[in-house]
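Now for the letters of each chain:
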Amino acid sequence: MKERVPGFRPGLAILQVGDRDDSNIYISMKLKAAAEIGINANHIKLPNTATEAEVLRCITVLNEDPAVHGFIVQLPIDTDKPINTNKVTNAVAPEKDVDGLTSINAGKLSRGDLRDCFIPCTPKGCMELIRQTGIQIAGKKAVVVGRSKIVGAPMHDLLLWSHATVTTCHTKTTALAEEVSKADILVVAAGKPEMVKGEWIKPGAVVIDCGINYIPDSTKPNGKTVVGDVAYSAAKERASYITPVPGGVGPMTVAMLMQSTVESAQRFLEQFQPGKWSIQYNQLSLRTPVPSDIEVSRSCVPKRIGHLAREVGLLSEEVELYGQTKAKVLLSTLKRLKDQPDGKYVVVTGITPTPLGEGKSTTTIGLAQALGAHLKLNVFACVRQPSQGPTFGIKGGAAGGGYSQVIPMEEFNLHLTGDIHAITAANNLVAAAIDARMFHEQTQSDQALYTRLVPSISGVRKFSDIQIRRLQKLGIEKTDPGTLTDEERKKFVRLDIDPATITWQRVMDTNDRFLRKITIGQSPTEKGFTRTAQFDITVASEIMAVLALTDGLGDMRRRLGKMVVASSKNGEPVTTDDLGVTGALAVLMKDAVKPNLMQTLEGTPVFVHAGPFANIAHGNSSVLADKIALKLVGQEGFVVTEAGFGADIGMEKFFNIKCRYSGLRPHVVVLVATVRALKMHGGGPTVTAGVPLPKEYIEENLQLLKTGCSNLGKQIQNARTFGTPVVVAVNAFKSDTEAELQLVIQLAKEAGAYDAVKCTHWAEGGKGAVALAQAVQRASQEPSNFKFLYNVELPVVEKIRIIAQQIYGAEDIELSPEAEQKVVVYTKQGFGNLPICMAKTHLSLSHDPEKKGVPTGFILPIRDIRASVGAGFLYPLVGTMSTMPGLPTRPCFYDIDLDPVSEQVNGLF
């Protein structure tokens, strides 16, 4: 074993409940024997107050510990609580049950499957002692006195499968002496001192005495002596061999425990591949033509998510199940795996797309399926959770498509585990707090505000922790509410929010164009304090961006508290911490921070977590999901994540924002391109969702395609600007000709791509992305020269200009007076060193969605700049962008319905 895996040692765990003296003696013997032969033995001792649930939890932990190869529960269980011993022993994983007490191992023994089970150590030791006498067991008459499942019953089975004729006797057996006298081999395990008399023994018989009994003995210092179940002095005169008590069966039992532990470790190593998961993949039944996405999704039965979690190395205590097909993964996983090396990090992006999308999500899933199910590498896909706005609006779902999907797609595309709802609740709590605080400040005196903000409870006023932080921010180093001066009280109670500076809006996860501009406060109870406001879509909330960029619960709480919602009339930033709402936000988000585990059609794991839009936010799934996945896949594995929209938007933000905060460095960029989109960039007719494609996109046109490949070349250049190798995935459609596909591959390589390959994963699943997976694997071996596009310490305007000129190809930028003022304000407030998150159309490299290909000579207009201080970026608004999409004339929901009998969702996607 050591030769194959240097430093490897078998591991034995002994779980003891209580503190019985005899158990302590037996355990010390086992620990000593383990140490002598190089077994790592671990003694886990629970108090006798331990409940059955606590014992079972401990067993689960040991079952899942890869360093434990043998595991026994010391019997009897010494407890004050009602504990079912059978339940406890059967909870031990059969493959670690070196005591052989589980029903599975006992059943295999009774069936004669001796090579595929563990045998209880005492009967196993007895058989070894019998063999060492030289007696031929086959054909002999054997008698076993005792029928316990620990010794008697398995002893009977072992002798039977060794071809002896076996009789089992016990204390209720009539004519016991007569039965014993017939035995060529006698094994006694009745627990009765000297129950079997010497004269009962057949002359020449082999006698194995398993008994350990204490009887009074005045000659001994402790007043007792140890005897077996057989009257030794008389029996040894008739037997050809008899085991002494003590010193006979006991040491052999310990030796067999050590042997079984070593055998278990050997079995572990036979299946062990360093860094490789033991995972089963689903076989796809491909159909032509490819059915609808929902039909394909339902054609595959997903694995139980708990089983998948175990396959990828997650422990039961790290997984919270949400039904059978999705689960949340606890952040404690990162702590457990902190010393595990990260895998290879791959980001999937695309050329500037058509309104139909070019298949980045499908490529992400197809690539993950190819790397896992076909190349047998550890792989995780990490994708965003889709908003219900587009799902019910015009886009439909975002689970991938064809035979490269996350399943079940209904659950993926709808509520999932409620993360977006948690963000909605948290966001709107902040919005409510802003307006309520302004209302109360406008209608109450300083003293009245102070009395309510710091109420007297049982005659005592006390600042909360969040109020102490506000006092410290104001430079007031006091903790006693009674010591504040009138001026200090005024500073403390009045945020003095300037309504014109409020940037925080209410949100909902539905496309509702009529909420783009509203008037709030029109009820008479608000006493005329109205203002103009708006709703954004939930995925545009800064809280979504915080969720995506945080690296833990503490960091998330800190970021939530730093979110700036407005400025005071003195120009000071007002934060959620000032509003006193930080702790409540953290509570609302405490479950949402845990990544969601799902799976692909082929059974590879997927993390679905966070869902910020890429045109109005940074457009990437969560840092936490990526970090946990990178640890789980190990050094030779891959994590494939997706950046929203084209490389100029999602990829640029992935590098400059996400990687800057996460500290992660990508190994490969996969750039998705389609013939359809490239023809559009070459001057083809407008592509409109819901309208049949013009003939230019269906018929071969190499010149149109070649012209449009300028956009592909620019996006390859954009990716290479960051020093990362680029592999182009040419997502093939059935209308594409081979000449067109080969032209794209040729031009991609000429533009600097490391490789370019045709992909058919939509129609063939992972099989259709094997060439892509192989290219990605090769590219990941290349040296990385990753670098950021800009230094965050540069002035705000200069950072915007660098992105506009180097990524978009603009000649220069032009800031509106409002945007110029925001630069001054944010710089003064200390936010000038934040990275930039451009809010821009995804349909063009420029600000004008009608400009296709590679526009040049344009001036990029910056109409406003806003701050997401908690998330950690400034976001300039380019052109006219709406943060609340509207519904089309015929939304997707026209086709959606629920079958009340089967409870199936129909018409979705």
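Calculation criteria
- Residue numbers restart at each chain and count upward from 1, following the sequence in its written direction.
- Selection of residues for local features in this predicted model requires a pLDDT of at least 70, selection of side-chain atom pairs for listing and counting requires 80 or more, and totals for whole chains, interfaces and linings are taken over all residues.
- For side-chain calculations, the full set of non-hydrogen atoms in the structure is used, while hydrogens and water are omitted.
- Only DSSP runs of H or I covering at least 4 residues are called helices, and only runs of E covering at least 2 are called strands; the numbering of each starts at the N terminus.
- Think of it in three bands: residues with accessible area under 20% of the maximum for their type are buried, residues over 50% are exposed, and the middle band is partly exposed, with areas taken using a 1.4 Å probe on protein chains only.
- Two residues form a contact once any of their heavy atoms are found within 4.5 Å.
- Residue-level accessible areas treat just the shown protein chains as cover; the underlying method is Shrake-Rupley with a 1.4 Å probe.
- The charged-residue count follows a simple rule in which Lys and Arg add positive charge and Asp and Glu add negative charge, with His and chain termini not counted at all.
- Charge placement uses NZ in Lys and CZ in Arg. For Asp and Glu, CG and CD serve respectively.
- Under the rule applied, a polar contact is a pair of N or O atoms within 3.5 Å (in protein, one hydrogen donor and one hydrogen acceptor; residues adjacent in sequence only if both atoms are side-chain atoms).
- An automatic or database domain assignment supplies the residue ranges for each domain.
- Here a strand pair is declared whenever DSSP counts at least two bridges between the two strands.
- Buried Ala, Val, Leu, Ile, Met, Phe, Trp, Tyr and Cys residues form a nonpolar core when they are joined through side-chain atoms within 4.5 Å.
- Comment: axis = line fitted to C-alpha atoms, over the contacting stretch for helices; angle = value between 0 and 180 degrees taken between N-to-C directions.
- Working rule for angles: under 35 degrees goes down as roughly parallel, over 145 as roughly antiparallel, 65 to 115 as roughly perpendicular, anything else as oblique.
- Residue classes follow a fixed rule: Ala, Val, Leu, Ile, Met, Phe, Trp, Tyr, Cys and Pro count as nonpolar, while Asp, Glu, Lys and Arg count as charged, and any other residue, Gly among them, counts as polar.
- UniProt positions are given in the numbering used here, feature names are shortened, and annotations may be inferred rather than shown by experiment.

Peer 1: Would you mind going over the overall build of the chain with me for this structure?
Peer 2: Across its full length, the chain holds 32 helices and 35 strands. Taken along its principal axes, the extent of the C-alpha atoms in the chain is 110 × 85 × 55 Å. By residue count, 55% of the 909 residues in the chain fall in the buried class. For the chain, long-range pairs separated by at least 24 residues make up 73% of all intrachain contacts whose partners lie at least 6 apart in sequence. Approximately 38000 Å² of the chain is accessible, and the part contributed by carbon and sulfur atoms is 52%. Within the chain, the 93 negative side-chain charges are centred at a point lying 1 Å from the centre of the 99 positive side-chain charges.

Peer 1: Sorry if this is basic, but what is going on with the side chain of E740 here?
Peer 2: If you trace the backbone, E740 turns up in helix α28 (residues 738-750). By relative accessible area, which is 0% here, E740 ends up buried. Polar contacts involving the side chain of E740 include one to the main-chain amide nitrogen of N701, which spans 3.1 Å. Every residue in contact with E740, bar those within four places of it in the chain, is listed here: V675, K679, E699, E700, N701, L702, L705 and S735.

Peer 1: Is there a simple way to explain the domain arrangement of the chain in this structure?
Peer 2: A common way to state how big an interface is: give the accessible area lost once the parts meet. When its domains are assigned, the chain resolves into domain 1 (1-116 + 258-272), domain 2 (135-243), domain 3 (293-417 + 591-780), domain 4 (420-580) and domain 5 (796-877). One C-alpha centre belongs to domain 1, the other to domain 4, and the line joining them spans 55 Å.

Peer 1: I keep staring at the pairing of strand β14 (residues 379-383) and nothing clicks. Help me out?
Peer 2: With five of five residues buried, β14 lies mostly within the body of the structure. Alternating residues of β14 divide into V379, A381 and V383 and F380 and C382, and every residue in both groups is buried. As judged from the four bridges shared by β14 and strand β27 (residues 638-642), these two strands associate in the parallel manner. Opposite V379, over in β27, you have F638 as the bridge partner. Pairing geometry for β14 and strand β26 (residues 605-608), over three bridges, is parallel. Bridge pairing in β26 links C382 to F607.

Peer 1: Teacher, can you tell me more about the nonpolar core here?
Peer 2: It is characteristic of soluble globular proteins that their nonpolar side chains tend to be buried jointly. Counting residues in hydrophobic clusters, the biggest one holds 134 residues, and the most contacted among them are F380, F607, L712, V728, L860 and I865. Counting residues per element, this core draws most heavily on helix α16 (residues 419-443), at nine residues. Once you skip the residues sitting within four places of it in the chain, F380 turns out to touch W277, V312, L597, P605, V606, F607, A629, L632, V633, F638, V639 and V640. Grouped together as the second largest cluster of nonpolar side chains are 38 residues, F118, L158, M256 and L257 included.

Peer 1: Sorry if this is basic, but what is going on with the packing of helix α13 (residues 360-374) against helix α30 (residues 770-779) here?
Peer 2: Relative placement of two packed helices is described by the angle separating their axes and the distance separating the axes. At a minimum axis separation of 8 Å, α13 and α30 run at an interaxial angle of 80°. Viewed along their axes, α13 and α30 adopt a mutual orientation that is roughly perpendicular. Between α13, through T363, L367, A370, L371 and H374, and α30, the contact on the second element is made entirely by V770, L772, A773 and V776. Looking at the contact of α13 with α30 residue by residue, the classes come out as seven nonpolar, two polar and no charged.

Peer 1: I tried to follow the UniProt feature "domain: Tetrahydrofolate dehydrogenase/cyclohydrolase NAD(P)-binding" (unreviewed entry) in the chain on my own but got confused; where do I start?
Peer 2: As recorded in UniProt, the feature "domain: Tetrahydrofolate dehydrogenase/cyclohydrolase NAD(P)-binding" (unreviewed entry) lies at residues 120-267. Strand forms 19% of residues 120-267 and helix 34%; the C-alpha atoms that close the span are 18 Å apart.

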